[in-house]
Each structure stands twice: as structure tokens, then as C-alpha cells.
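# What the coordinates show
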Amino acid sequence: MTMTGDAVKAKNGSMVAYDGQMAFKKMTGGGEGLRGMVTRRLTGEQMEVMEVRGQGTCWFADRASEINLVRLHGDKLWVEASNLLCADAGLRTGTTFTGLRGGATGNGLFTTTVEGSGQAAIMSDGPATILRVTPQYPLSVDPGAYVAHQGNLQQHFQSGVTFRTLLGEGGGEAFQIRFEGDGLVYVQPSERNTVGGDV
């Protein structure tokens, strides 16, 4: 990321190289101060963040993950904290209640939000696929493959458990997240372990 005296918020320890003059500072509570720190502890949505400020270029990475840049124009991005690599310092980060979806991923009932105008870098295990959701074409996603979403979307947690699943004859996907509305959903080509998992 090229910087001209501005700053970015990045996942703690994600800097792999830089040139020019950079200053690094650990931020308490994911950059949200004491209230943010308390909220994150209560919700289990962990995000250790550092602020990087300076002139030059700074490179970020984490476990050889694929990186997707998402440009926000005053809108909001919902992303699993473990998938957020960095964001322009002017973007506001927070924690929001997402209903039962979080319960399926094992990350609590909350997720990280990024909003405002600027860029955020999100990570995925393998190249992320960006899927369009429209009112005519809702989308169901495996919770272990979910990375992020943006737009005017409603999400519902749905169970795929049937009598066939319990007998071991089902497809193995016990839970899904259903998205309806108008927006984009980012999924990765691998699955995290989830609390729902296979039944």
C-alpha cells in the first residue's frame, strides 16, 4: 500500500516489508478505544490492530492468504475479523450483531463492520469468489466458506438438517446462511471448521 503521510489500520504483525519512513503503533480495542475493546471481549469478535503511518510503500500479508481490495463509497462491509487484513485509517470499524449466522461459524453472534469511503483488504483461503445477490436470485452459503458481504442484504441462518441427514444420507451441509436483497457476497474455496459442521 502506497502512503503519502496518511495512515492505515492493519492486522497486528501483518507487515512483511516497507520502504520509506513508517511508524507502527498498536491500537487498543481494534482502534475503537475502551468501548470497542470491551465490546470485542464480550462478543468474541477479536481484531488485534496496529496503525501504520508514513511515506512510502508498506506490504501486508498473512499466512499466504489471497487478498481482495474492496473499495467503499460511504457504504458498509461486513467481514469476519480473521479475514480483515487492513483498511484505510479513515474507515470506521465496529462490531455488529448478525443473528444466528455467527453462531454457525463459531465466532459468536457478532461480526466486524468497516464503513465509510476508502479501501479495505480482505483475505481468503484461496482466491475469493464474489457472488451477486439480487431480489430474483437469493444465495445460500456454507458458513465455513463465508468471508464478507456488502450491500443491502438480509441474512438468515437456515438448517439443512433433515431426516436423511441424520441417517447419513444427506449432503453433509447441516447449516447455511441465506442472503436476500441486493449486494455482493465473498466466499472462499475452502471451509473453516464451524460449530454447525456436519451432523
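Residues numbered from 1 in each chain as written. Predicted model: local features only at pLDDT ≥ 70, side-chain atom pairs only at ≥ 80, totals over all residues. Heavy atoms only, no water.

If you check an unreviewed UniProt entry, the protein chain appears there as AIM24 family protein from Streptomyces termitum.

## Topic: the packing of aromatic side chains
Describing an aromatic ring pair means giving the distance of the ring centres and the angle of the ring planes. In this structure the tally under the stated criterion is 2 aromatic pairs. An angle of 20° between the planes, with centres 5.9 Å apart, marks the rings of Tyr146 and Phe179 as stacked. Of this pair, Tyr146 sits in strand E10 (residues 146-159) while Phe179 sits in strand E11 (residues 175-187), placing them 33 residues apart in sequence. (Phe/Tyr/Trp six-rings, centres within 6.5 Å; stacked < 30°, edge-to-face > 60°. Helix = DSSP H or I, 4+ residues; strand = E, 2+ residues; numbered from the N terminus.)

## Here we look at the environment of Asp88
Tracing the chain through its elements places Asp88 in strand E5 (residues 84-88). Accessibility expressed as a relative area gives 22% for Asp88, which makes it partly exposed. Ignoring sequence-local partners within four residues, the contact set of Asp88 consists of Met1, Ala7, Val8, Lys9, Gly118 and Gln119. (Buried < 20%, exposed > 50% of the residue type's maximum accessible area, 1.4 Å probe, protein only. Contact = heavy atoms within 4.5 Å.)

## As for the pattern of salt bridges
The full count for this structure, using the stated rule, is 6 salt bridges. With a closest N to O distance of 3.5 Å, Glu51 and Arg53 form a salt bridge. Among the salt bridges present, the one from Asp62 reaches Arg63, with a minimum N-O distance of 3.1 Å. According to the relative accessible area criterion, Arg63 is exposed, its value standing at 65%. (Salt bridge = Lys/Arg side-chain N within 4 Å of Asp/Glu carboxyl O.)

## Overview of the nonpolar core
Burial of nonpolar side chains together is a common tendency in soluble globular proteins. By size, the foremost hydrophobic cluster in this structure holds 13 residues, and its most contacted members are Leu77, Val79, Val114, Ala120, Ile122, Ala148 and Tyr186. Elements that contribute at least two residues to this core include exactly strand E4 (66-79), E5, strand E7 (110-124) and E10. Looking at this core element by element, the count peaks at 4 residues for E4. If we ignore the near neighbours within four places in the chain, the residues touching Ile122 are Glu66, Ile67, Asn68, Val70, Leu77, Val79, Asn83, Leu84, Leu85, Val147, Ala148 and Tyr186. Residues Val8, Met50, Phe60 and Cys86 belong to the second largest nonpolar core, which totals 12 residues. (Core = buried A, V, L, I, M, F, W, Y, C linked by side-chain atoms within 4.5 Å.)

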